[in-house]
Amino acid sequence: MLIGGAQLDNPAAPLSDLLRFGLQTKPGEVALLSAVRALTWSELEEASNRVAAGYLGLGLAPGDRVASLMPNRVDLVVHYLACFKAGLIATPLNYRYTAAEIDHALGVSEARVLLAHEERAEDVEASELAGGLELGTIAYRDAEPLPQGNAEPAAAEPGWDHEFAVLLAAEPLPRDEVDADPTAPAVIFFTSGSTGPAKGVTHTRETLRWMIASAATAFELTAEDVFLPGSSMSHVGGFLWSLATLSVGGRVVVARATDAHELLPLLRDQQPTVLAMIPAALSALIHDHDLQPHDFDSLRICRAGADKVSTELLAEFAAAAGFPIVEGYGMTEVGIATLNPPSGEIRQGSIGLPVDGFRIELRGEDGEPIEGEAVGRIWIETRSR
């Protein structure tokens with residue numbers, strides 16, 4: 001049985017120019033924000049250009065891997081965009097990694113430098129590889145960045161080789177009109193490691209652009225949307241939702257944590273139109289005693305994924321919000337492949353249909369297509385020009 005979405009005609013904008021639409025249409029409006037910080041499109045462009053220049057100033061060169069051990073922050077998106085602009089390979093690590101897991105990821109990726117939040121200093125210090133990285137470690141601290149153009153940036157504190165705030169003060173990287181080699185790696189994600197040590201999954205600059213385009217189409221994103229990815233942006237989901245929204249000129253709301261204390265004020269103050277969360281966190285949110293009847297009123301979609309959505313959660317969310325959860329299917333290797341169509345029929349308990357750019361077929365153990373109720377393996381094929 002073969003089913004497929006429409007063929008995509010074009011990928012997202014080149015990764016070094018992903019903010020193009022927002023910069024052209026509303027440079028002074030907010031593009032990216034959290035509860036404590038906001039950047040306009042122009043400010044986001046400049047900040048990522050500065051960090052890109054700062055990375056190259058450390059001695060990094062196009063093709064080098066830059067590992068990150070970061071919670072959700074506005075600057076995590078700045079970091080990703082900076083890597084794209086400098087031709088570096090972003091390598092996000094699960095923020096809950098232990099020292100041994102950090103070592104595994106650093107060894108597999110062959111990263112030259114590690115950006116890490118200061119609260120993970122103990123595990124970074126315990127890592128056998130982090131201290132020996134060629135270009136060392138970069139400390140990220142939850143504080144206001146240095147004034148741009150600061151001639152005397154502060155030196156790194158003991159235990160760290162560099163400070164992210166100093167990189168934000170670098171002279172901006174000049175705009176490059178020619179995108180890097182489309183076949184060059186852009187990002188390395190690490191899978192959960194449920195069947196063994198986490199495995200690195202590499203996406204090229206070209207494949208990532210098609211993944212971004214598919215995600216934007218799947219969620220029917222426009223420049224009017226405000227997306228709140230209520231999950232880690234170091235995993236492919238939150239990462240992809242954020243970039244897809246920015247690519248079409250929409251606003252991204254960064255949840256620094258996934259509990260109700262963080263999310264409820266964002267829902268009320270920022271009025272997001274799209275929310276994406278893992279089922280466990282969404283269940284905790286709708287059971288929170290501070291939840292109010294109208295907290296979901298701004299939403300047109302709530303997507304839950306990365307785990308099975310229980311029948312109880314489906315019913316409880318629909319009762320609380322007045323509309324159903326949208327489910328889908330994806331994985332680190334392909335991004336989002338299926339989704340209940342936001343403007344079409346939403347079948348509760350179903351992962352929906354293949355999104356544009358994908359074809360899916362069920363095949364037996366012999367590799368031949370099967371029909372009906374037979375159990376088989378899912379084969380996924382991308383469809384793009």
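Here the residue numbers are simple positions, counted from 1 along each chain's written sequence. In view of the model being predicted, local features appear only for residues whose pLDDT reaches at least 70, and side-chain atom pairs are presented and counted only at 80 or more, with totals across whole chains, interfaces and linings using the full set of residues. Where side-chain values are given, they derive from all heavy atoms of the structure, hydrogens and water being excluded.

Participant: Would you mind going over unusual backbone geometry with me for this structure?
Facilitator: When glycine is set aside, most residues are seen to have a negative phi, and most peptide bonds are trans. Even without being a glycine, Glu-110 presents a positive backbone phi close to 60°. Tracing the sequence through the fold places Glu-110 in the loop between helix H4 (99–109) and strand E6 (113–117). In this model, Glu-220 sits at a positive phi of 55°, which is unusual for a non-glycine residue. Here a strand is any run of E in DSSP of at least two residues, a helix any run of H or I of at least four, and the numbering for each starts at the N terminus. Residue placement: Glu-220 occurs in the loop between helix H7 (205–218) and strand E11 (226–229).

Participant: Honestly, the packing of aromatic side chains in this entry has me stumped. Any pointers?
Facilitator: By convention, a stacked pair of Phe, Tyr or Trp rings (six-membered ring in the case of Trp) has centres within 6.5 Å and planes under 30 degrees apart, an edge-to-face pair has planes over 60 apart, and any other such pair is tilted. Going through the model one piece at a time under the given rule, you end up with eight aromatic pairs. An angle of 80° between the planes, with centres 4.9 Å apart, marks the rings of Tyr-80 and Phe-239 as edge-to-face. Taken together, the residues Tyr-80 in helix H3 (residues 74–86) and Phe-239 in helix H8 (residues 236–247) connect sequence positions 159 residues apart. Using a relative accessible area of 1% as the deciding quantity, one classes Phe-239 as buried. Aromatic side chains Phe-227 and Trp-241 sit 6.5 Å apart centroid to centroid with 10° between the ring planes, which places their arrangement in the stacked category. Of this pair, Phe-227 sits in strand E11 while Trp-241 sits in helix H8, placing them 14 residues apart in sequence. Across this residue pair, the class does not change: Phe-227 and Trp-241 are buried. Geometrically, a charge over a ring is one whose NZ (Lys) or CZ (Arg) sits within 6 Å of the ring centre while staying within 35 degrees of the ring normal. Arg-120 extends its terminal NZ or CZ atom over the ring of Tyr-95, reaching a point 5.4 Å from the ring centre. Directly above the ring of Trp-379 sits Arg-363, whose terminal nitrogen or CZ lies 4.0 Å from the centroid. A simple rule labels every residue: compare its accessible area, found with a 1.4 Å probe on the protein chains alone, to the largest value its type can have, and call it buried under 20%, exposed over 50%, or partly exposed in between.

Participant: Help me understand the pattern of salt bridges, please; the structure alone is not making it clear to me.
Facilitator: Oppositely charged side chains can form a pair if their charged atoms are brought close together. In the sections that follow, a salt bridge refers to a side-chain nitrogen of Lys or Arg positioned within 4 Å of a carboxyl oxygen of Asp or Glu. According to the stated counting rule, one finds 17 salt bridges in the structure shown. With a closest N to O distance of 2.8 Å, Glu-118 and Arg-141 form a salt bridge. In this pair, Glu-118 is assigned in the loop between E6 and helix H5 (121–126) and Arg-141 in the loop between strand E7 (137–140) and strand E8 (162–163), connecting sequence segments 23 residues apart. Under the relative-accessibility criterion, Glu-118 is labelled partly exposed at 34%. A salt bridge links Arg-256 to Glu-262; its shortest N-O distance comes to 3.0 Å. Taken together, the shared-partner salt bridges connect Asp-64, Arg-112 and Glu-134 into one network.

Participant: For this particular structure, what's the right way to read the environment of Tyr-80?
Facilitator: Tyr-80 sits in the buried class, given a relative accessible area of 2%. Along the primary structure Tyr-80 and Gly-59 are separated by 21 residues, whereas in three dimensions their C-alpha atoms are 18 Å apart. When residues no more than four places from it in sequence are discounted, the contact partners of Tyr-80 are Ala-90, Pro-92, Met-233, Ser-234 and Phe-239. Contacts: residue pairs with any heavy atoms within 4.5 Å of one another.

Participant: Which parts of the structure should I look at to understand the pairing of strand E5 (residues 89–92)?
Facilitator: Moving residue by residue along a regular strand, the side chains alternate between the two faces of the sheet. Burial along E5 is two-sided: Ile-89 and Thr-91 and Ala-90 and Pro-92, pointing in opposite directions, are all buried. Between strand E4 (residues 65–69) and its parallel partner E5, the chain crosses via H3, and the hand of that crossover is right-handed. The crossover handedness rule: strands pointing away from the viewer, path from first strand over the helix to second strand clockwise, crossover right-handed.

Participant: Even after reading the chapter, I still don't get the nonpolar core, so can you show me in this structure?
Facilitator: What tends to happen in soluble globular proteins is that the nonpolar side chains get buried as a cluster. By convention a nonpolar core is built from buried Ala, Val, Leu, Ile, Met, Phe, Trp, Tyr and Cys residues, the set being connected through side-chain atoms within 4.5 Å. In terms of nonpolar packing, the biggest core is built from 74 residues, with Leu-44, Tyr-55, Phe-164, Leu-208, Ile-212 and Phe-219 touching the most fellow members. With 10 residues, H3 is the largest single contributor of residues to this core. If we ignore the near neighbours within four places in the chain, the residues touching Ile-212 are Ala-12, Leu-15, Leu-18, Leu-240, Leu-243, Ala-244 and Ser-247. Judged by nonpolar contacts, the second largest core, of 28 residues, contains Leu-228, Leu-264, Leu-267 and Ala-304.

Participant: Whenever I open this one, the sheet that holds strand E18 (residues 358–363) confuses me. Can you help?
Facilitator: Hydrogen bonds between backbone groups are what pair the strands of a sheet, and the pairing can be parallel or antiparallel. Only strands joined by at least two bridges in the DSSP assignment are considered to pair. On the basis of which strands lie adjacent, the open sheet formed by three strands has the order E1-E18-E19 and antiparallel pairing. Only two strands of the sheet have a single partner each, and these edge strands are strand E1 (2–4) and strand E19 (377–382). Within the sheet, the average angular offset between the axes of one strand and its neighbour, ignoring direction, is 20°. Relative to E18, E1 is paired through three bridges, and the arrangement is antiparallel. Looking at E18, one finds that Ile-3 is bridged to Ile-360. Angles run from 0 to 180 degrees between N-to-C directions of axes, and those axes are lines fitted to C-alpha atoms, restricted for helices to the stretch in contact.

Participant: What is the right way to read the side chain of Thr-137 from this model?
Facilitator: Relative to the helices and strands, Thr-137 resides in strand E7. Judged by relative accessible area, which is 3%, Thr-137 ranks as buried. Leave out the neighbours within four places in its chain, and Thr-137 touches Leu-114, Val-124, Ala-130, Gly-159, Trp-160, Asp-161 and His-162.

Participant: How should the environment of Val-252 be read in this particular structure?
Facilitator: With respect to the helices and strands, the residue Val-252 is situated in strand E12 (residues 251–253). Accessibility expressed as a relative area gives 0% for Val-252, which makes it buried. Through-space distance from the C-alpha of Val-252 to that of Val-51 is 20 Å; in sequence the pair is 201 residues apart. Excluding residues within four positions of it along the chain, Val-252 makes contact with Ala-31, Leu-32, Leu-33, Phe-227, Pro-229, Ser-242, Thr-245 and Leu-246.

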